[in-house]
Amino acid sequence: MSATTTPKIHRAIVIGSGPAGYTAALYLSRANIPPLVFEGAQPGGQLTITTEVENFPGFPEGIQGPELTDRFREQAKRFGAEIVGRTVSSVDLSTRPFRVVADGEDYLAHALVIATGSSARWLGLPEEEQFHGKGLSACATCDGFFFRGQEIAVVGGGDTALEEAIFLTNFAAKVTVVHRRDELRGSKIMADRALQHPKIAFAWNSTVKRMVGGENGLLQKLVLTDTKGGPDDELAVTGCFIAIGHIPNAGFLAGQLPTDAQGYLITKPDVTATGVEGVWACGDVQDHVYRQAITAAGSGCMAAIECERWLGEHGL
Ligand code: NDP
C-alpha cells in the first residue's frame, strides 16, 4: 500500500471462515452489507478436516465436511460477500475505523465479526515436533490413509477422538484409544459405536508419557503412564493421532478483547457483542460449551444481525 492511498473503509469485515464466518457473511450480505471475509490459513475451518457430518439439519443422509463448507461459502458469495484467502495477523481496535492487517496489507472497517475458530490442542511432549509427519498427526482425514494395515493409537476420550478412531478403522488393522479416565466424554452414540467396534481397543486410565521412534526415525511405540498409579505400559504403534480438544484462535488480537482463562473470547450474555463496541465474536473462538457446526452457524447469524443493527443505529 503506498503512503498516498488510503484504504477503502469497509462497513464490515469478517475474520475467519467456517460455519460461523460464512453464516455471518451470508446474513450481512443479505442485509445489504456485503462484507470482506478473510478466510485465514485453513479456509472453511475444522469442518474441512472432518469426514461425514451427520448432525447438520437438512442433510438426513449426512454430508462430507468439505462439501458443507463449500456450500456455506457459495451461499455467502451468491449474495455479495467478498471472500479473500488471506490471513489476518493483527488488528488495532483502539482506532476507528478499526484497522486489520492481513498478509502485510492494511484494511479498515467500521465493524468486525471475529469467527476464527479454534485449533487442535497438542499434548505438549517434547517429541511431538520430532514425530510430526513421522507417525504423529492431529487429523485422521488428512493422514489416515498412510496407516493402511498398521496398528495405531488415538489419544482422547471426546467425540473427536471417537470419530477419528472409527474413521481410522477404514485403514488401520487396530486402533487403540488412549484415554486418561475410565469413562468416555463423547456422546453415547459415538461411544457405543467405538466400544462395539471389533478393530477398536481401549487403554483406559492412560496418558502418553513418551513417544519412541525406531532406527528409521518413525514412531514405533508409546510409553503410557497409568493415571491410577500402576506401572508404565508400552503400546507398539506406528501412528498416533492426538484428539484432546482445541485452543481458540485469538492470539492475533493481542489481548485487545477480554477472554476467559482458556483464551476464549468473552461475549455479553445472550448476544455476541464483545468488550469493544463494534466487534462481535461467534463460533468456536467464543464457544467452549457447544462447539457444533450448527451452533457456530447460529452465532454467526446472531453476530450479523447485531452488527447490522449497530451500523444502522450509528449511521454507518
Ligand atoms: P472434548 O473437549 O470434548 O474432549 C477432549 C478429550 O481429550 C477429553 O476426553 C479429555 O479428557 C481429553 N484430554 C484433554 N486434554 C488432555 C490431555 N492433556 N491429555 C490427555 N487427554 C486429554 O473435545 P473434542 O474435540 O472431542 O470435542 C469438542 C466438541 O465437538 C464437543 O462438544 C464434541 O461433542 C463436538 N464434536 C462432535 C462431533 C459429532 O457430533 N460427530 C465430532 C467431533 C466433535 P477428559 O474427558 O478426562 O476431560
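The shown structure was predicted, so the numbers you read here are calculated from the model rather than taken from an experiment.

With that settled, consider the domain arrangement of the protein chain. Once the domains are mapped, the protein chain shows domain 1 (9-119 + 246-313) and domain 2 (122-242). Averaged C-alpha coordinates put domain 1 and domain 2 at centres separated by 32 Å. Taken together, the contact between domain 1 and domain 2 spans six residues of the former and seven residues of the latter. Buried surface at the junction of domain 1 and domain 2, summed over both partners, amounts to about 490 Å²; 50% is from carbon and sulfur atoms.

A separate point is the sheet that holds strand β17 (residues 239-242). Read from one edge of the open sheet, five strands run β10-β17-β11-β12-β13, paired in parallel fashion. If you trace the sheet from one side to the other, it starts and ends with β10 (136-137) and β13 (200-203), each paired once. Pairing of strand β11 (residues 151-155) with strand β12 (residues 174-178), which is carried by five bridges, proceeds in the parallel orientation. Note that in β12 the partner of I152 across the bridge is V175. Most of the contacts of helix α5 (residues 159-168) go to β11, to which it runs at about 165 degrees, and overall it touches β11, β12, β13 and β17.

Once that is clear, we can look at a positive patch on the surface. A cluster of basic side chains, namely R121, R180, R181, R185 and R291, defines a positive patch on the protein surface. Positionally, R185 belongs in the loop between β12 and α6 (188-196).

Take the site of the ligand next. Around the ligand there are 19 residues in total, and D159, T160, R180, R181 and R185 lie nearest to it. Contacts to the ligand include N55, whose side-chain N or O atom sits 3.0 Å from an oxygen atom. R185 places a side-chain nitrogen or oxygen 2.7 Å from an oxygen atom of the ligand. Here the shell around the ligand takes three residues from α5, the largest share from any one element. By residue class, the composition of the shell around the ligand is four nonpolar, nine polar and six charged. Both domain 1 (9-119 + 246-313) and domain 2 (122-242) contribute no fewer than three residues apiece to the shell around the ligand.

Across a sheet, strands are paired by hydrogen bonds formed along the backbone, either parallel or antiparallel in direction. A sheet is described by the order of its strands in space; here three strands give the open sequence β14-β15-β16, paired in antiparallel fashion. Of all the strands in the sheet, just β14 (206-213) and β16 (233-236) have a single pairing partner and so form its edges. Taking the axes of each pair of neighbouring strands and ignoring which way they run, one obtains an average angle of 30 degrees across the sheet. Both strand β15 (residues 219-226) and β16 contribute to a ladder of four bridges, which runs antiparallel. Considered in β16, the bridge of V223 is made with E234.

Applying the stated rule across the entire model yields 10 salt bridges. Here E54 ties to R193 by a salt bridge, and the two come within 3.3 Å at their closest N and O atoms. Pair noted here: E54 is in the loop between β3 (52-53) and β4 (63-64) and R193 is in helix α6, with a separation of 139 residues, a long-range link. Among the residues examined, E54 registers a relative accessible area of 48% and is labelled partly exposed. Judged by relative accessible area, which is 35%, R193 ranks as partly exposed. Notably, a salt bridge pairs D232 with K209, separated by 2.6 Å at the nearest N-O pair. With D232 in the loop between β15 and β16 and K209 in strand β14, this pair connects stretches of sequence that are 23 residues apart. In this structure D232 comes out as partly exposed when scored by relative accessible area, which is 37%. What you see here is one network of salt bridges that share partners, running through E39, D70 and R73.

This brings us to the packing of helix α1 (residues 18-30) against helix α7 (residues 293-313). Here α1 crosses α7 at 35 degrees, and the two axes come no closer than 7 Å. The chirality of how α1 crosses α7 is right-handed. Between α1 and α7, the contacting residues are P19, A20, T23, A24, Y27 and L28 on the first element and A293, A296, A297, G300, C301, A304, I305, C307 and E308 on the second.

For helix α2 (residues 65-78), spanning 14 residues, the distance from its first C-alpha to its last is 20 Å, which sits close to the expected 20 Å at 1.5 Å a residue. Considered for burial, the residues of α2 that qualify are G65, L68, T69, F72, R73 and A76. The buried residues of α2 occupy an angular sector of 135 degrees when the element is viewed end-on, so they sit on one face. Turning to α2, the residues buried within the fold contact α1, β3, β4 and β5 (82-84).

Attention shifts here to the pairing of β14. Pairing of β14 with β15 involves seven bridges; the strand directions are antiparallel. Across the sheet, the residue bridging to R210 is V223, located in β15. The hairpin formed by β14 and β15 contains five residues between the paired strands, and G217 there has a positive phi angle of roughly 85 degrees.

It is worth spelling out the packing of aromatic side chains at this point. Taken as a whole, this structure holds nine aromatic pairs when the rule is applied. For the pair F56 and F59, a centre-to-centre distance of 6.3 Å together with 50 degrees between the ring planes defines the contact as tilted. Their ring planes at 70 degrees and their centres at 5.7 Å tell us that W280 and W310 sit as a pair that is edge-to-face. Linking W280 in strand β19 (residues 279-281) with W310 in helix α7, this pair joins segments that are 30 residues apart in sequence. Assessed through its relative accessible area of 4%, W280 is described here as buried. Taken together, the aromatic side chains of F145, F146, F167 and F171 make up a single cluster linked through ring pairs. One residue, R30, lies across the ring of F79, its end atom 4.7 Å from the ring centre.

Criteria and cut-off values
Residues numbered from 1 in each chain as written. Predicted model: local features only at pLDDT ≥ 70, side-chain atom pairs only at ≥ 80, totals over all residues. Heavy atoms only, no water. Domains from an automatic or database assignment. Contact = heavy atoms within 4.5 Å. Buried area = accessible area lost by both parts, 1.4 Å probe. Pairing = 2+ DSSP bridges. Helix = DSSP H or I, 4+ residues; strand = E, 2+ residues; numbered from the N terminus. Axes fitted to C-alpha atoms, helices over the stretch in contact; angles between N-to-C directions. Patch = residues over 30% accessible without salt bridge, like charges linked within 9 Å, V, L, I, M, F, W, Y side chains within 5 Å. Areas by Shrake-Rupley, 256 points an atom, 1.4 Å probe, with all protein chains shown as cover. Salt bridge = Lys/Arg side-chain N within 4 Å of Asp/Glu carboxyl O. Lys, Arg positive; Asp, Glu negative; His and termini not counted. Charge placed at Lys NZ, Arg CZ, Asp CG, Glu CD. Near = heavy atom within 4 Å. Polar contact = N/O pair within 3.5 Å; in protein donor to acceptor, adjacent residues only side chain to side chain. Nonpolar A, V, L, I, M, F, W, Y, C, P; charged D, E, K, R; others polar. Buried < 20%, exposed > 50% of the residue type's maximum accessible area, 1.4 Å probe, protein only. Left-handed = near helix turned anticlockwise from the far one by under 90°. Expected span 1.5 Å × (residues − 1). Arc of directions from axis to C-beta. Phe/Tyr/Trp six-rings, centres within 6.5 Å; stacked < 30°, edge-to-face > 60°. Lys NZ or Arg CZ within 6 Å of the ring centre and 35° of its normal.

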